[in-house]
Amino acid sequence: MEVLSSAVRYWLLDHPEISQYEWKHGHFTLGSSPQFLAVAVISYLAVTLALHRFHFLPPLSAASLRLITAAHSLTMFLLSLVMAVGCSLSVLHQIPDPGWRWAICFPAGRTPPRGPTFFWAHVFYLSKILEFGDTLLIFLSGSRSRRLTFLHVYHHAVVVVMCYLWLSTTQALFPVALVTNASVHVLMYAYYLMCALGHRPRWKRLVTDCQIIQFVFSFVISGAMLYYHFTGSGCSGISGWCFNAVFNASLLALFLDFHSKNYHAKKNKQF
């Protein structure tokens, strides 16, 4: 057990690439330039629109689709799990005195974007580009009219911008958001994986419920961050947090609407 614990700590925290990580704007860090961000988001939207309008991508056979979906879901499940554990360990390692306040409020002007916590924020940011594969799978399934929604495209496009701002503004509170979001994605991709393997769990609604709880929790914990910001010397990256707050509010509204249409409507039909 001690050997396993040491191995986990080394590969998720103490490896030189992680412990000595530093986010550098421009072309010094992968994905750190505004041009990279713009190309990634615009390309995603353009390709999605083209595939939706012109239907030039033929659907895969059921067997091939299940295989690709399972591989993608397993990859994202494992990556989400590693990010949740890695960021949690990093926060515990990087927290200075006086303690947990640092995880909620990076001191303004005194928190350079380096160290393990920021490394996992960078991995999380790049993973959101990898999640564009979710949209491709919808087109490959041939069920775009039923599964491709505004919520899906909006969420996948804008969340990349949000994660970029975490790093570029050294945004306070992102460690909490990263761990909670990655944890929800562990549950979500476990569900997708089991569906692809032919076993559809009965807890699909739980995934949506957890996503809604995640957004509500983000507003609650933001209250603590704002308290520290206005009663102390300030928290870092408030401009990034403002974007994050508006985005989360819009997602919460969309998820509540999705929840109402898909679960309340079905429940009413049963009576």
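Residues numbered from 1 in each chain as written. Predicted model: local features only at pLDDT ≥ 70, side-chain atom pairs only at ≥ 80, totals over all residues. Heavy atoms only, no water.

Right, let's talk about the overall build of the protein chain for a bit. The helix and strand inventory of the protein chain stands at twelve helices and zero strands. Each helix (α) and strand (β) of the protein chain, taken in turn from the N terminus, gives the series α-α-α-α-α-α-α-α-α-α-α-α. Taken against the 2.2 N^0.38 rule, which gives 18 Å for 271 residues, the C-alpha radius of gyration of the protein chain at 20 Å falls within 12% of a compact globule. Sequence-distant contacts in the protein chain: of pairs separated by 6 or more residues, those separated by 24 or more amount to 79%. Accessible area for the protein chain stands at about 14,400 Å²; split by element, carbon and sulfur atoms hold 67% of it. When the 19 positive and 9 negative side-chain charges of the protein chain are each reduced to one mean point, those points stand 16 Å apart. (Helix = DSSP H or I, 4+ residues; strand = E, 2+ residues; numbered from the N terminus. Rg over C-alpha atoms; globule rule 2.2 N^0.38 Å. Contact = heavy atoms within 4.5 Å. Areas by Shrake-Rupley, 256 points an atom, 1.4 Å probe, with all protein chains shown as cover. Lys, Arg positive; Asp, Glu negative; His and termini not counted. Charge placed at Lys NZ, Arg CZ, Asp CG, Glu CD.)

Turning next to the packing of aromatic side chains. This structure, assessed with the given rule, holds 20 aromatic pairs. On the basis of an interplanar angle of 85° and a centroid distance of 5.1 Å, the ring pair of Y10 and W11 is categorised as edge-to-face. When the ring of Y189 is compared with that of Y192, the centres are 5.8 Å apart and the planes differ by 80°; the resulting orientation is edge-to-face. With a gap of three residues between them, Y189 and Y192 both fall in helix α10 (residues 174-196), about one helical turn apart. (Phe/Tyr/Trp six-rings, centres within 6.5 Å; stacked < 30°, edge-to-face > 60°.)

Next up on the list: the pattern of salt bridges. Oppositely charged side chains can pair when the atoms bearing their charge come close. Enumeration over the complete set of coordinates arrives at three salt bridges. Of the charged contacts in the structure, one is a salt bridge between D14 and R9, with a shortest N-O distance of 2.9 Å. Its relative accessible area of 30% is what places D14 among the partly exposed residues. Assessed through its relative accessible area of 41%, R9 is described here as partly exposed. K128 serves as the salt-bridge partner of E131, at 3.1 Å between the closest nitrogen and oxygen. Residue class for E131 comes out buried when judged on its relative accessible area of 2%. (Salt bridge = Lys/Arg side-chain N within 4 Å of Asp/Glu carboxyl O. Buried < 20%, exposed > 50% of the residue type's maximum accessible area, 1.4 Å probe, protein only.)

Counting across every chain of the model gives one disulfide. Among the cysteines around C163, which has no disulfide bond, C87 carries the closest sulfur, lying 11 Å off. For C163, a relative accessible area of 0% translates into the label buried. The closest cysteine sulfur to the non-disulfide-bonded C242 is located on C235, 12 Å from its own sulfur. (Disulfide = S-S within 2.5 Å.)

Let us now look at unusual backbone geometry. Although it is not a glycine, H55 adopts a positive phi angle of roughly 55°. Inspection of the secondary structure puts H55 in the loop between α3 (34-54) and α4 (62-94). The phi dihedral of T170 is positive, around 50°, even though this residue is not glycine. In this structure, T170 sits in the loop between α9 (150-168) and α10.

This paragraph deals with the confidence of the model for the protein chain. Overall, the predicted model of the protein chain reaches an average pLDDT of 91, with 94% of residues at or above 70. Helix α6 (residues 116-130) holds the highest mean pLDDT among the elements of the protein chain, 98, whereas helix α8 (residues 144-147) holds the lowest, 62. (pLDDT = per-residue confidence, 0-100.)

Now for the environment of S32. Here S32 is to be found in the loop between α2 (16-19) and α3. Put simply, S32 and H199 are 167 residues apart on the chain and 40 Å apart in space, counted from C-alpha to C-alpha. Those residues in contact with S32, other than ones at most four positions away along the chain, are W23, K24, H25, G26, H27 and Y164. Engagement of the side chain of S32 in a polar contact is seen with the backbone oxygen of G26, the distance being 2.5 Å. (Polar contact = N/O pair within 3.5 Å; in protein donor to acceptor, adjacent residues only side chain to side chain.)

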